[in-house]
Amino acid sequence: MPYNYPDPGDRVTAKMISSISDPDRWDAEEQRILSSLRSELRQIEPPRVVLDVGAGIGRLTRALGDLIIAADLLEPDLARARRAKDFIKATAPQLSANVYTVESELPEQTYDLVLLSHVIQHLLPREAQRLVAFSADRCRPGGLFYLATTLASPDRSNWRLASIDESGHWTERAVSEDLFSKQVAKPVLGTLPVREFSQVELARALRAVGIELLAVLPFHETSLGGALTEAPGAFRDIAMIGRKHQPQGSRSRGRER
Ligand SMILES: C[S@@+](CC[C@H](N)C(=O)[O-])C[C@H]1O[C@@H](n2cnc3c(N)ncnc32)[C@H](O)[C@@H]1O
């Protein structure tokens, strides 16, 4: 059965962003994180090649387009994959980009940078773990790994369902892990399961797959207001930039697997 991302057109996410008091700051905060990633990426000698796992419409590949020569995008939702193809062609025509909908069709190679942005929070826990391992495996030794996802704060529960209510407002409710998993296994379009991770568990998960952390960057402070209002100092998202372990003495870029 073809996969359908449960938030077609990112309506639920867009509604959440538009409900905060300063939506421009939302984008600006992610840009700040991407600037850090760009600085790290510049330190890798060109030509640089990227794998964007769970690419959506290719937003992140596009944002790095001037620093890379080629990108493979993995996006299992066929409609989103088609949009990614068109979006990259229109906005970064210089890039040699391929969009794949099935993991096994990806070329047998490793990459200078692997992106896994805002994907694992929508998956079953075991699938999230597998996808992190798969993505890290595709990062070349010495290459960069970028993970961004939703961050748990102490007074929020870890499993949520987000949707748009009857009056057109963004709404999110805490649920049990069991209900979250049922929702992921049997998706309902318009209801987006969102898991929040602790910083410690993410750091541990990355270390377990050979990623050494270079930067841990919480972003999207919840005091931005609107639907997110919470104590200052709490963050909705977190990004981790890491480097794939490079065994001593191995200096090759080794893109062939
Ligand atoms: C919230 S979007 C993030 C898109 C993009 N990475 C970004 O940051 O803008 C999550 C994407 O992950 C994709 N996805 C869901 N399950 C996946 C899986 N098992 N492997 C790869 N991608 C997946 C969805 O189809 C969706 O496009």
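These lines cover the structure that appears in this document, whether it is placed above or below. (Residues numbered from 1 in each chain as written. Predicted model: local features only at pLDDT ≥ 70, side-chain atom pairs only at ≥ 80, totals over all residues.)

Our focus in this paragraph is the overall build of the protein chain. The number of helices and strands found in the protein chain is seven helices and ten strands. Looking at the 257 residues of the protein chain, the share that counts as buried comes to 36%. In the protein chain, the share of contacts with a sequence separation of at least 24, taken over all contacts with a separation of at least 6, comes to 71%. (Helix = DSSP H or I, 4+ residues; strand = E, 2+ residues; numbered from the N terminus. Buried ≥ 20, exposed ≤ 12 C-beta atoms within 10 Å, placed from the backbone. Contact = placed C-beta atoms within 7 Å.)

All right, on to the site of the ligand then. Around the ligand lies a shell of 19 residues, among which Tyr 5, Gly 54, Gly 56, Asp 77 and Ser 117 are the nearest. Of the residues belonging to the shell around the ligand, the class tally is nine nonpolar, five polar and five charged. (Near = placed C-beta within 6 Å. Nonpolar A, V, L, I, M, F, W, Y, C, P; charged D, E, K, R; others polar.)

Before going further, it helps to spend a moment on the nonpolar core. Membership of the largest hydrophobic core comes to 48 residues, with the highest contact counts inside it found for Val 50, Val 114, Leu 116 and Tyr 146. Broken down by element, the residue count for this core peaks at six residues, all from strand β5 (residues 139-150). Beyond its immediate chain neighbours, meaning those up to four positions away, Val 114 contacts Leu 51, Val 53, Ser 135, Arg 138, Cys 139 and Phe 145. If you look at the next biggest cluster of nonpolar residues, it comprises six residues, including Met 16, Ala 162, Trp 170 and Leu 192. (Core = buried A, V, L, I, M, F, W, Y, C linked by C-beta atoms within 7 Å.)

This part covers the sheet that holds β5. Read across the open sheet, the seven strands follow the order β3-β2-β1-β4-β5-β10-β9; overall the sheet is mixed. What marks the edges here is a single partner per strand, and that holds for β3 (96-100) and β9 (211-221). Neighbouring strand axes in the sheet, compared pairwise and without regard to direction, differ in orientation by 15 degrees on average. In the sheet, β9 pairs with strand β10 (residues 235-244) via nine bridges, with the strands oriented antiparallel. Residue Pro 218 lies in a different strand from β10, and its bridge partner there is Ile 238. (Pairing = 2+ DSSP bridges. Axes fitted to C-alpha atoms, helices over the stretch in contact; angles between N-to-C directions.)

What follows deals with the sheet that holds strand β7 (residues 170-174). The three strands are arranged β7-β6-β8 in an open sheet whose pairing can be described as antiparallel. Strands with a single pairing partner mark the edges of an open sheet, and in this sheet they are β7 and β8 (192-195). Taken pair by pair, the neighbouring strands of this sheet meet at an average axis angle of 30 degrees, ignoring direction. Packed onto the sheet, helix α1 (residues 11-19) meets β6 (159-164), β7 and β8 and runs at close to 85 degrees relative to β6.

In this section: the environment of Ala 203. Within the secondary structure, Ala 203 sits in helix α7 (residues 199-208). The partly exposed category is assigned to Ala 203, around which 18 C-beta atoms lie within 10 Å. Taking the C-alpha atoms as reference points, Ala 203 and Val 216, 13 residues apart in sequence, are found 8.7 Å from one another.

In this section: unusual backbone geometry. Negative phi characterises most residues that are not glycine, and trans characterises most peptide bonds. The peptide bond linking Pro 46 to Pro 47 adopts the cis configuration, its omega dihedral lying at 0 degrees. Secondary-structure assignment places Pro 47 in the loop between α2 (23-42) and β1 (49-53). Positive phi outside glycine occurs at Asp 10, with the angle close to 55 degrees. Within the secondary structure, Asp 10 is located in the segment before α1. According to the C-beta neighbour criterion, Asp 10 is partly exposed, with 16 such atoms within 10 Å.

Across four bridges, the pairing between β6 and β8 is antiparallel. When the bridges of β8 are listed, Leu 161 appears paired with Pro 193. Across five bridges, the pairing between β6 and β7 is antiparallel. By the bridge assignment, Ser 163 is partnered in β7 with Thr 171. The turn linking β6 back onto β7 is made up of five residues, and Gly 168 within it adopts a positive phi angle of 85 degrees.

Relative to the elements of secondary structure, Arg 82 occurs in helix α4 (residues 78-91). On the neighbour-count criterion, Arg 82 (14 C-beta atoms within 10 Å) is partly exposed. A sequence separation of 54 residues divides Arg 82 from Ala 28, and the C-alpha atoms of the two residues are 27 Å apart.

Between the first and last C-alpha of α2 there are 29 Å, a value that for 20 residues agrees with the 28 Å anticipated at 1.5 Å per step. All buried positions along α2 are accounted for by Trp 26, Glu 30, Ile 33, Leu 37 and Leu 41. Along the axis of α2, the buried positions cluster into a sector of 100 degrees, meaning they face one direction only. Seen from the buried face of α2, the exposed residues on the opposite side, beyond 90 degrees, are Asp 24, Ala 28, Gln 31, Arg 32, Ser 35, Ser 39 and Arg 42. (Expected span 1.5 Å × (residues − 1). Arc of directions from axis to C-beta.)

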